[in-house]
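Chain residues, written in single-letter form:
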Amino acid sequence: MASAHGRAGSSFFARLFKGFSLSSGSKSSAVGLSIGASTIKVAQLKKTKTNWKLEKFSSVPLTEAPSEHREISNVVSTVQAIQEAMAQADIGLKDVCSAIAGSGIIIKNLTITVADMKELQDQVFWEAEQYIPFDISEVVIDYQVTKQGQDNQVDVILVAVKKEYLEQYMSVIEEALLQPRIIDAEVFALQNSFETNYPVTDTEATLLADIGALSTKIMICAGGIPYFTKDAPFGGIAITNEIQRELKLPTPVDAESLKVSGNLPHEVSEIVARMCHVLGTELKKSIDFYSASSLGPPISSILLSGGGARAAHMTKIIEDNTGIPTQLLDPFVRLEIDQSQFSPEYLTSIAAEAAIPIGLALRAGDKP
Ligand SMILES: Nc1ncnc2c1ncn2[C@@H]1O[C@H](COP(=O)(O)OP(=O)(O)OP(=O)(O)O)[C@@H](O)[C@H]1O
Ligand SMILES: [Mg+2]
């Protein structure tokens, strides 16, 4: 069951792997591995008496563009990139917590009426069949109770993932000679990163949006409860493709390097701004749906992460579109940092991409 600290996703799928266990000898450290569509990211945190300390971080770009459905198209290069990221960060631990995003994972908030809690599981699985667009025998299902109200009403969050998809992620991790101790959903890692670093209240909700290469992971949460989640098919690749198409550039690589260059030519910044508006409109739709359905308390702030959040004026454009104060999520605010190891400039440069891997590393161990 979800606790007040919002660890609703903490054990999704964990039972498949007989629960999480840290490697012997380094019981106080935990590793998060994010297999992104464009970049592999790893983070290692160490549990201190009262907090978590950032120990290691690294990211390695993938050489191949991913498929729209996130199948790992080139297993060999993905395995190599994972191994390279672990080596670069000098991580010796083998147990990792990783996560899935995209259309292969379905997350639904359901309100279920049950006379007897013993019937809950059957009822959840029965309802699940109506929401899952795959054959039920092809998916792994898990759920957690988020609220037990009156009139036999129980709120649950249902998570279903295609077996094929889960197995593919696990085998890539195993081929990189690591142990996937928990496979979670990326949105829950995002929530965990947020709740570790920011004050949590149940009277105001926060919209988190991790803008990756292929998709934007959206989570609206308050008081530790995930009220709304969505994986919107918009990310940095869409912006790059639009630049390439409009400027008739020979390859996406040319468009990508133009996009990430500090000083954008006018025609590029116009395209980037237009694409940021597309995302702003998408977020506004989610906010309107959330508000109209009275799913949870009002949203008082938006926090952006993911490499796509670094696009020029993204924060301002999202704020203008939604009318809600918007900032970049800082996944390090409350972590212990050894400044001789990680300079403030370095942390700023990795903050956007680090939100999910940090959330995964936090997931791997209990919060102190
Ligand atoms: N300075 C920048 N300006 C604009 N976009 C940027 C910048 N830096 C990185 N990006 C974009 O961020 C994206 C990568 O971010 P991230 O590592 O969060 O994605 P990912 O995790 O690989 O993808 P996904 O979350 O979809 O699986 C790329 O599309 C890249 O072009
Ligand atoms: Mg990502």
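See the structure above.
Residues numbered from 1 in each chain as written. Chains lettered and ligands numbered in written order. Predicted model: local features only at pLDDT ≥ 70, side-chain atom pairs only at ≥ 80, totals over all residues. Heavy atoms only, no water.

(A) Inspection of the site of ligand 1 at higher detail. Surveying the vicinity of ligand 1 reveals 22 residues, the closest of which are Ala37, Lys41, Lys217, Glu256 and Lys259. Measuring from an oxygen atom of ligand 1, one finds a backbone N or O atom of serine 38 at 2.7 Å. One of the side-chain nitrogen or oxygen atoms of lysine 259 is found 2.7 Å away from an oxygen atom of ligand 1. Alone, ligand 1 offers 660 Å² of accessible surface; in the complex the protein occludes 92% of this. Residue assignment for the shell around ligand 1 shows that the elements contributing at least two residues are strand 2 (39–47), helix 5 (236–247) and helix 6 (252–260). In terms of residues, the shell around ligand 1 owes the most to one element, helix 6, which gives 3 residues. Classifying every residue of the shell around ligand 1 gives 6 nonpolar, 9 polar and 7 charged. (Near = heavy atom within 4 Å. Polar contact = N/O pair within 3.5 Å; in protein donor to acceptor, adjacent residues only side chain to side chain. Areas by Shrake-Rupley, 256 points an atom, 1.4 Å probe, with all protein chains shown as cover. Helix = DSSP H or I, 4+ residues; strand = E, 2+ residues; numbered from the N terminus. Nonpolar A, V, L, I, M, F, W, Y, C, P; charged D, E, K, R; others polar.)

(B) Layout of the sheet that holds strand 2. The strand order across the open sheet built from 5 strands is 3-2-1-4-8, with neighbouring strands paired in mixed fashion. Pairing within the sheet leaves two strands with one partner each, and these edge strands are strand 3 (52–61) and strand 8 (179–185). Strand-to-strand twist of the sheet, defined as the mean angle between neighbouring strand axes without regard to direction, takes the value 20°. Both strand 1 (residues 29–35) and strand 2 contribute to a ladder of 7 bridges, which runs antiparallel. The residue of strand 2 that forms the bridge with isoleucine 35 is isoleucine 40. (Pairing = 2+ DSSP bridges. Axes fitted to C-alpha atoms, helices over the stretch in contact; angles between N-to-C directions.)

(C) Local environment of the packing of helix 5 against helix 7 (residues 266–292). Interaxial distance between helix 5 and helix 7 falls to 10 Å at its minimum, and their mutual angle equals 135°. It follows from the interaxial angle that helix 5 and helix 7 lie oblique. Judged by the twist between their axes, the crossing of helix 5 over helix 7 is right-handed. Two secondary-structure elements touch here, helix 5 through Ala238, Ile239, Glu242, Ile243, Glu246 and Leu247 and helix 7 through Glu267, Val268, Ile271, Val272, Arg274 and Met275. Its residues assigned to classes, the contact of helix 5 with helix 7 shows 8 nonpolar, no polar and 4 charged. (Parallel < 35°, antiparallel > 145°, perpendicular 65-115°, else oblique. Left-handed = near helix turned anticlockwise from the far one by under 90°. Contact = heavy atoms within 4.5 Å.)

(D) Structural view of the packing of aromatic side chains. The full count for this structure, using the stated rule, is 5 aromatic pairs. Both rings, one in phenylalanine 194 and one in tyrosine 198, keep their centres 5.5 Å apart while their planes meet at 25°; by these two values the pair is stacked. Under the relative-accessibility criterion, phenylalanine 194 is labelled buried at 5%. Using a relative accessible area of 16% as the deciding quantity, one classes tyrosine 198 as buried. (Phe/Tyr/Trp six-rings, centres within 6.5 Å; stacked < 30°, edge-to-face > 60°. Buried < 20%, exposed > 50% of the residue type's maximum accessible area, 1.4 Å probe, protein only.)

(E) Broad picture of the packing of helix 7 against helix 8 (residues 314–322). Between helix 7 and helix 8, the shortest axis-to-axis distance is 8 Å and the interhelical angle comes to 45°. It follows from the interaxial angle that helix 7 and helix 8 lie oblique. Judged by the twist between their axes, the crossing of helix 7 over helix 8 is right-handed. Residues Ala273, Cys276, His277, Leu279, Gly280, Thr281, Leu283, Lys284 and Ile287 of helix 7 touch helix 8, and the partners they reach there are Met314, Ile317, Ile318, Asn321 and Thr322. Among the residues making up the contact of helix 7 with helix 8, the classes are represented as 8 nonpolar, 5 polar and 1 charged.

(F) View of unusual backbone geometry. One non-glycine residue, serine 294, lies in positive phi territory at about 45°. Of note, serine 294 is situated in the loop between helix 7 and strand 12 (299–305). The exposure class assigned to serine 294 is exposed, which follows from its relative accessible area of 60%.

(G) Geometry of the environment of serine 261. By the element assignment, serine 261 lies in the loop between helix 6 and helix 7. Classification of serine 261 by relative accessible area gives partly exposed; the value is 27%. Each C-alpha atom of the pair serine 261 and leucine 178 lies 35 Å from the other, and the pair is 83 residues apart in sequence. Of note is the side chain of serine 261, whose polar atom sits 2.7 Å from the backbone oxygen of leucine 258.

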